[in-house]
Amino acid sequence: MKIGFIGCGNMGMAMLNGILASGMTGREELIASAKSEATRDKIKHELKINLAASNLEIVQLADIVFLAVKPQYYAAVIAEIKAAARPEQIFVSIAPGKSMQWLKEQFAAPVKLVRAMPNTPAMVGEGMTAYCVNELVTAQEKEQTARICACFGKAEEVEEGMMDAVTAVSGSSPAYVFLFVEAMADAAVAAGMPRAKAYTFAAQAVLGSARMVLETGMHPGALKDMVCSPGGTTIEAVRVLEEKGLRSSVMEAMKACAEKAGRM
């Protein structure tokens, strides 16, 4: 099974690194294209996978094609490749806001389509990918695509109508978390901790807390209460976060993110 990537930016690189790290397939089965010379060099010398001479070559050689370009380039790329699409091929879109109906109209022919929303933690095997498929994708093909996405993290099928929410809650959310880690580290530095150590402490706290949510199955509020001793330091910090509107800010940011995704 040959897997092709049209585009190899941050998200494409993260997914390809995840696939390679998982050992799911060999480098000889992966092929990618890129517009910039710098990215083409990364494909050849960092990823050490096959470099395609063109987007068209990807479609001619690959069984599964990931469309990993920026959303604004989708129409032009699909116009370039659609004549070479084969009935048995699977095309996986990772663009926010590009519906299955829109993709179908761009191809102007029956095409097996998967709409996916991964995130950059795929680079370290901790990605979260949502996916949905059109009616031409068989159950076996859906499972095959899900296995590819699961090799660099978790993958779950969702209804297409949830995709804008997925963009906000997982596709874009690593950026929110990085901001939070940076802010915690800055505060630790202000309190006298060396910056490198501050990043380690902050990031490990976030990692461990996330694992507690996933592995205990407990409500996040209950886990928060476990840390907040009566009259203690943690509840005082939580009081300030509530006063400053942390939860409301996060909700408003995600609402804006989802609405932007719907307009793309």
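Residues numbered from 1 in each chain as written. Predicted model: local features only at pLDDT ≥ 70, side-chain atom pairs only at ≥ 80, totals over all residues. Heavy atoms only, no water.

**Focus on the pairing of strand β7 (residues 127-133)**
Worth spelling out the cut-off: Three labels apply to residues, based on accessible area from a 1.4 Å probe with only protein chains included: buried if under 20% of the type maximum, exposed if over 50%, partly exposed otherwise in between. Helix and strand definitions here come from DSSP, where helices need a minimum of 4 consecutive H or I residues and strands a minimum of 2 consecutive E residues; each element is numbered from the N-terminal end. Here, a strand pair is defined by DSSP locating no fewer than two bridges between the strands. With the strands aimed away from the viewer, a crossover counts as right-handed if its path from the first strand over the helix to the second runs clockwise.
Burial analysis of β7 places 5 of its 7 residues in the buried class, which makes it a mostly covered element. Relative to strand β8 (residues 153-157), β7 runs parallel, the two sharing 5 bridges. Note on β8: the bridge partner recorded for A130 is E156. Handedness of the β7-helix α6 (residues 139-150)-β8 crossover: right-handed.

**Examining the environment of E182**
With respect to the element layout, E182 can be found in helix α8 (residues 173-190). On the basis of relative accessibility, which here comes to 37%, the residue E182 falls in the partly exposed class. As a C-alpha pair, E182 and S170 span 12 residues in sequence and 19 Å in three-dimensional space.

**Observations regarding the layout of surface pockets**
Spelled out, the test is: For each structure, a 1 Å grid was placed over the protein atoms alone; sets of points admitting a 1.4 Å probe that cannot get out are labelled cavities, open sets with protein on both sides within 12 Å along at least five of seven lines are labelled pockets, and lining residues have an atom within 4 Å of a point. Grid points are joined across faces, edges and corners, and a volume is the space filled by probe spheres set on the points. Polar here means any residue other than Ala, Val, Leu, Ile, Met, Phe, Trp, Tyr, Cys and Pro, which are nonpolar, and Asp, Glu, Lys and Arg, which are charged; Gly is therefore polar.
In this structure, the second largest pocket occupies an estimated 950 Å³ of space. Contributing to the lining of the second largest pocket are 32 residues, with G9, A68, V69, K70 and P71 lying nearest its centre. Put simply, the parts of the chain that give the lining of the second largest pocket at least two residues each are α1 (10-22), α4 (74-81), α7 (163-171) and α8. Here the residues of the lining of the second largest pocket sort into 16 nonpolar, 13 polar and 3 charged.

**Quick word on α4**
Inclusion rule: In this description, one arc is meant: the one made by directions from the helix axis to the C-beta atoms.
Those residues of α4 lying buried are Y74, V77, I78 and I81. Projected down its long axis, α4 carries its buried residues within an arc of 95 degrees, all on one side.

**So, the packing of α7 against helix α12 (residues 246-263)**
Where we set the bar: Axis angles are defined between N-to-C directions and span 0 to 180 degrees, where every axis is a line fitted to C-alpha atoms and, for a helix, only to the segment in contact. Should an angle lie under 35 degrees it is considered roughly parallel, over 145 roughly antiparallel, and from 65 to 115 roughly perpendicular; all remaining angles are considered oblique. Throughout, a crossing is termed right-handed when the near helix is turned clockwise from the far one, and left-handed when it is turned anticlockwise from it by less than a right angle. Note on contacts: a residue pair qualifies if any of its non-hydrogen atoms lie within 4.5 Å across the two residues.
Between α7 and α12, the least distance of the axes is 8 Å, while the angle of their chain directions is 135 degrees. Put simply, α7 runs oblique to α12. The crossing of α7 and α12 is right-handed. Residues D164, T167, A168 and V169 of α7 lie in contact with α12, whose contacting residues are M254, C257, A258, A261 and G262. Of the residues assigned to the contact of α7 with α12, the class counts are 6 nonpolar, 2 polar and 1 charged.

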